[in-house]
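Residue-level structural notes
The chain contents come next:
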Amino acid sequence: MLTDLVQIRRQGEKLRTENQRLRVHLKRHDFVERRLRRIAQEVEEAIDCRACANCCREGTVRLTDRDIEHLAKFLGMSIREFRAQYTAPSEEEGLILKRTETGCVFLAGNDCTVYDARPRACVNFPHLVRGDGSLVSRMWDMPDRATYCPIVFNTLEAWKDETKFKRGE
Ligand code: SF4
Ligand code: SF4
């Protein structure tokens, strides 16, 4: 299992096109989603997210109204105050959590300071075991996530073996 973030970045970039092909391969064949999710879960259980926190540094977090309500309540603020202080507009994603130079505004070291009220997108991340819609419909972002998330990188590699995907073409 590869967990070194420098190597994940290097390998993930190298395999970006191959991982895009994997997405098409999964879409074209009727693989058992439960089996693929089980593999992702095994990878997830083998990796310590507390020692990584790279998604909190690299990714943006899209917010729903419900996320905003939860977070504002958790922080003892009004929704208006929360929006002003902690959110930013994004052209592609709507409202997102503000970011600092080191990542998410709520990241302190490797810890999430709003963990118990963290947005649904964070609870479900990296959207392999949990998430909305089918696994295949969630595959769009995976080639990119494989460049910074060890769970995604290793899961895609395991899925290639499981589905007899032809690597390196
Ligand atoms: S979900 Fe991925 S990037 Fe985020 S902490 Fe876990 S292994 Fe790291
Ligand atoms: S809210 Fe917490 S879990 Fe979500 S990105 Fe920010 S620090 Fe990470």
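Going by the structure above, here's the rest.
What comes next is a walk through the structure. (Residues numbered from 1 in each chain as written. Chains lettered and ligands numbered in written order. Predicted model: local features only at pLDDT ≥ 70, side-chain atom pairs only at ≥ 80, totals over all residues. Heavy atoms only, no water.)

**Comments concerning the nonpolar core**
Put simply, the rule is: The set of buried Ala, Val, Leu, Ile, Met, Phe, Trp, Tyr and Cys residues whose side-chain atoms join them within 4.5 Å is what this entry labels a nonpolar core. Buried, partly exposed and exposed residues are distinguished by accessible area as a fraction of the type maximum, computed with a 1.4 Å probe on protein chains only: under 20%, between the cut-offs, and over 50%, respectively. Only DSSP runs of H or I covering at least 4 residues are called helices, and only runs of E covering at least 2 are called strands; the numbering of each starts at the N terminus. Residue contacts are counted whenever heavy atoms from the two residues lie within 4.5 Å of one another.
Grouped together as the largest cluster of nonpolar side chains are 21 residues, with contacts concentrated most on Leu-128, Val-152, Leu-156 and Trp-159. Mapped onto this core, the elements with two or more residues apiece are α2 (16-28), α3 (33-46) and α9 (150-162). With residues up to four places along the chain from it excluded, the contact list for Val-152 reads Pro-126, Leu-128, Met-142, Arg-145 and Ala-146. With 15 residues, the next largest nonpolar core counts Val-61, Ile-68, Leu-97 and Phe-106 among its residues.

**Observations concerning the site of ligand 1**
Rule in force here: Throughout this document, a residue counts as near a molecule or strand when at least one of its heavy atoms sits within 4 Å of that molecule or strand. Here the nonpolar group is Ala, Val, Leu, Ile, Met, Phe, Trp, Tyr, Cys and Pro; Asp, Glu, Lys and Arg are the charged ones; every other residue, Gly included, is treated as polar.
In the vicinity of ligand 1, the residues found are Ile-47, Cys-49, Cys-52, Ala-53, Asn-54, Cys-55, Phe-125, Tyr-148, Cys-149, Pro-150 and Ile-151. Where the shell around ligand 1 is concerned, the elements lending two or more residues are α4 (54-58) and α9. The residue makeup of the shell around ligand 1, split by class, is 10 nonpolar, one polar and no charged.

**Observations concerning the site of ligand 2**
In the region of ligand 2, the neighbouring residues are Cys-56, Val-61, Leu-97, Cys-104, Phe-106, Leu-107, Cys-112, Val-114, Pro-119 and Cys-122. For the shell around ligand 2, the per-class residue count stands at 10 nonpolar, no polar and no charged.

**Quick word on helix α5 (residues 65-75)**
Just so we agree on the cut-off: Here the arc refers to the set of directions running from the helix axis out to each C-beta atom.
Among the residues of α5, those classed as buried are Asp-67, Ile-68, Leu-71 and Ala-72. Looking down the long axis of α5, one finds its buried residues gathered within 125 degrees of arc, a one-sided arrangement. The outward face of α5, more than 90 degrees from its buried face, is lined by the exposed residues Asp-65, Arg-66 and Lys-73. Turning to α5, the residues buried within the fold contact α6 (79-86), β2 (94-97) and α7 (120-124). After α5 finishes, the residue Gly-76 shows a positive phi value of roughly 65 degrees.

**Let's talk about the pairing of β2**
So the rule is basically this: At least two DSSP bridges between two strands are required for those strands to pair.
Where strand β1 (residues 87-90) and β2 come together, four bridges link them in antiparallel fashion. The residue bridging Pro-89 from the neighbouring strand is Leu-95, located in β2. In this structure, the hairpin formed by β1 and β2 is closed by a connection of three residues.

**Section: α3**
Note the following rule: By definition here, a helix of n residues has an expected span of 1.5 Å times n minus one.
With 14 residues, α3 extends 20 Å from end C-alpha to end C-alpha; this agrees with the ideal 20 Å at 1.5 Å per step. What α3 keeps buried is the set Leu-36, Ile-39, Ala-40, Val-43 and Glu-44. Looking straight down α3, one finds its buried side chains confined to an arc of 140 degrees; they lie on one side. For α3, exposure combined with an orientation more than 90 degrees from the buried face picks out Arg-34, Glu-45 and Ala-46. Here the buried face of α3 lies against α2 and α9.

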